[in-house]
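A closer look at the structure
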Amino acid sequence: MKKYHITTFGCQMNVHDSEVLAGILEKNGYSPAASVQEGDLILLNTCCVRENAENRLYGNIGNLKALKEQYPDCIIGVCGCMVQQPTVVEKIRKTYPQVDLVFGTHNLHELPKLLEKIEAERSQLYEVWDSEGEIHEGLPVKRNDPFKAWITIMYGCNNFCSYCIVPYVRGRERSRQPEAILAEVKDLIATGVKEITLLGQNVNSYGLDFKGVDFNFAKLLQEISALDIERIRFQTSHPKDLSDELIQVMADHPNICRHLHLPLQSGSSRILKLMNRHYTKESYLALAEKIKNKIPGIALTTDIIVGFPGETEADFQDTLDLVEKIRYDGAFTFIYSPRTGTPAAKIADPIPENDKKQRLTRLIQVQNEISLEKNRAFIGTLSEILVDGVSEKNPQIWSGRNTQNKLIHFKPASKIKPGDLAVVQINSAQTFTLEGELLV
Ligand code: SAH
Ligand code: SF4
Ligand code: F3S
């Protein structure tokens, strides 16, 4: 039996695409390889959101050269966001002859056909669609976790934030039909799934592409929350499209988790305008306050970019100010990375790289203090967790997450198994984790 190995870079969207690729391969007679070396088919599912993601990919392809020389029959494939850029495909073609197969985000459903062709002809095959086709329902999925499942509810992005490459490599927004999503959720419930995460680059614009049909993300969430599913999460929410209706649906349904990822990107209204984000410092703050008031106990997390072209110290102070006012539970922080083809890459940028690095360090310091304080507030309280299993770092310790998405470590107990909902009393807190004792 042929074996496959997939290495995935990038966001949950890509992680889930890899689950679909694995599903397709297993349906076509492949089985998983224990290591890259064992793979008859080696796939790299790529990300290009920042330059370092691209560099890691080139490093990986470079490393596969020796393997290809040793096992010339293995097929090395590159797919995902990065290869939706023609310049990248050219670079691979010129520099990395060990790559046999290239396909993009819009034609991953074609994998069996591409493999058949490549095996028959034993030649390189590069096939990347430059625009999105129909949504392909019913593709097989090999899920990594039996209790927690990703569900893509929409593809693409229409927002064109000025720094971001995603709309160029993922195409325009296309929403799946609600019936297809609900059927998928019901199937997952039947197999024992406890938690689902609905995925889209901006889930708040779900359904806007349904012509003449009055349906939206809040209504989809409402329908899903009526099903017998313990936990529902979703990401990502663009602040400009987060409706009162959605906040109300969250408030009304306790099985929608008390966590919202609400990317800020910058706290400066001037920079937000240059980023094409369509909100201001003041309107974002008002939105965050409204959410906190309407959904008590909600955890807010965010994404922040420092060093956008021309970001001044005063702009950065606005970001720090908002972080301190909102008091996020956690933040993913990035240094701006110019992406060729995006409008921001053309803006003059006199800010030295070192200033950007220092701003990142300062921001992380402020946020980490807040994260720790917020986590300490859990000490002495009870949290219901969905048990994940043995902690990655220490087999003596188990982990799970509460509704606020806090990672909680605890000592194992004989009655507990992955997928259980259990109650933990929180005894101590760190910046990124809580520790507690299981109350069975
Ligand atoms: N659609 C989601 C996720 C986009 S990518 C959203 O809108 O939030 C995830 C994060 O990467 C973004 O939120 C942003 O903070 C960051 N990012 C995107 N492009 C970037 C760039 N050119 N440089 C640095 N960070 C970037
Ligand atoms: Fe990128 Fe903005 Fe779309 Fe998110 S919403 S994927 S940051 S363009
Ligand atoms: Fe990266 Fe593509 Fe996701 S560029 S962040 S893998 S949508």
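Residues numbered from 1 in each chain as written. Chains lettered and ligands numbered in written order. Predicted model: local features only at pLDDT ≥ 70, side-chain atom pairs only at ≥ 80, totals over all residues. Heavy atoms only, no water.

Brief notes about the packing of helix 6 (residues 178-190) against helix 7 (residues 217-225)
Selection rule: Only the stretch in contact is used when fitting a helix axis, every axis being a line fitted to C-alpha atoms; angles between N-to-C directions are given from 0 to 180 degrees. Secondary structure elements follow DSSP: runs of H or I of four or more residues count as helices, runs of E of two or more count as strands, with numbering from the N terminus. For classification, angles of less than 35 degrees are called roughly parallel, those exceeding 145 degrees roughly antiparallel, those between 65 and 115 degrees roughly perpendicular, and all remaining angles oblique. Note on convention: the crossing is left-handed when the near helix lies turned anticlockwise from the far helix by less than a right angle, right-handed when the turn is clockwise. Whether two residues touch is decided by their heavy atoms; if any such pair falls within 4.5 Å, the residues are in contact.
Packing of helix 6 against helix 7 brings their axes to within 11 Å, and their N-to-C directions diverge by 30°. Put simply, helix 6 runs roughly parallel to helix 7. Considering only the axes of helix 6 and helix 7, their crossing is right-handed. Of the residues in helix 7, those touching helix 6 at Pro-178, Ile-181, Leu-182 and Val-185 are Leu-220, Glu-223 and Ile-224.

Overview of the packing of helix 2 (residues 51-70) against helix 3 (residues 86-95)
Cut-off, in case you're wondering: Here the nonpolar group is Ala, Val, Leu, Ile, Met, Phe, Trp, Tyr, Cys and Pro; Asp, Glu, Lys and Arg are the charged ones; every other residue, Gly included, is treated as polar.
Remark: helix 2 packs on helix 3, axes separated minimally by 12 Å, with the N-to-C direction vectors making an angle of 20°. By the criterion of interaxial angle, the relationship of helix 2 to helix 3 is roughly parallel. Once helix 2 is placed against helix 3, the crossing between them reads as right-handed. Residues Glu-54, Tyr-58 and Ile-61 of helix 2 form the contact with helix 3, whose participating residues are Val-88, Lys-91 and Ile-92. Class assignment of the residues belonging to the contact of helix 2 with helix 3 gives a composition of four nonpolar, no polar and two charged.

Looking at the site of ligand 1
In plain terms, the rule: Being near a molecule or strand, for a residue, comes down to having at least one heavy atom within 4 Å of it. In protein, a polar contact requires one atom able to donate a hydrogen and another able to accept it; more generally it is a pair of N or O atoms within 3.5 Å, and residues adjacent in sequence count only if both atoms are side-chain atoms. Accessible areas in this description were obtained via Shrake-Rupley with a 1.4 Å probe; residue shielding takes into account the shown protein chains only.
Taken together, 14 residues sit near ligand 1, with Arg-50, Gln-201, Gln-265, Asp-303 and Ser-337 positioned nearest. Within the side chain of Arg-50, a nitrogen or oxygen atom sits 2.9 Å from an oxygen atom of ligand 1. Between ligand 1 and the protein, one listed contact pairs an oxygen atom with a side-chain N or O atom of Gln-265 at 2.7 Å. When the free accessible area of ligand 1 is taken as 540 Å², the share hidden by the protein chains comes to 90%. Those elements that place two or more of their residues in the shell around ligand 1 are strand 13 (299-306) and strand 14 (330-335). Split by residue class, the shell around ligand 1 holds seven nonpolar, four polar and three charged.

Section: the domain arrangement of the chain
For clarity, the cut-off: Each domain's limits were defined by an automated method or a database of domain assignments. When two components associate, each loses some accessible surface as probed by a 1.4 Å sphere; the sum of these losses over both components is called the buried area. Any carboxyl oxygen of Asp or Glu that lies within 4 Å of a side-chain nitrogen of Lys or Arg is treated as forming a salt bridge with it.
Taken domain by domain, the chain comprises domain 1 (3-127), domain 2 (145-257), domain 3 (294-377) and domain 4 (382-439). Computed over C-alpha atoms only, the centres of domain 2 and domain 4 are separated by 27 Å. The interface is formed by eight residues belonging to domain 2 together with 11 residues belonging to domain 4. When domain 2 packs against domain 4, close to 800 Å² is buried across both sides, 50% of that on carbon and sulfur atoms. For the interface between domain 2 and domain 4, the tally reads one salt bridge. Between Lys-148 and Asp-388 there is a salt bridge; the shortest N-O distance is 3.0 Å. For the interface between domain 2 and domain 4, the tally reads six residue pairs in polar contact (both at pLDDT 80 or more). In terms of residue class, the side of domain 2 that touches domain 4 is built from two nonpolar, no polar and six charged.

Some details on the pattern of salt bridges
Oppositely charged side chains are able to pair whenever their charged atoms sit close together. Just so we agree on the cut-off: In this scheme, a residue with accessible area under 20% of its type's maximum is buried, one over 50% is exposed, and one in between is partly exposed, where area comes from a 1.4 Å probe on protein chains only.
Counted according to the given criterion, the structure contains 29 salt bridges. Measuring nitrogen to oxygen at the nearest pair gives 3.4 Å for the salt bridge that ties Arg-93 to Glu-90. Taken as a pair, Arg-93 and Glu-90 lie in helix 3 at a separation of three residues, close to a single helical turn. The exposure class assigned to Arg-93 is partly exposed, which follows from its relative accessible area of 44%. Glu-311 serves as the salt-bridge partner of Arg-359, at 3.0 Å between the closest nitrogen and oxygen. Note that Arg-359 is positioned in helix 12 (residues 353-376) and Glu-311 in the loop between strand 13 and helix 11 (313-326), a separation of 48 residues in sequence.

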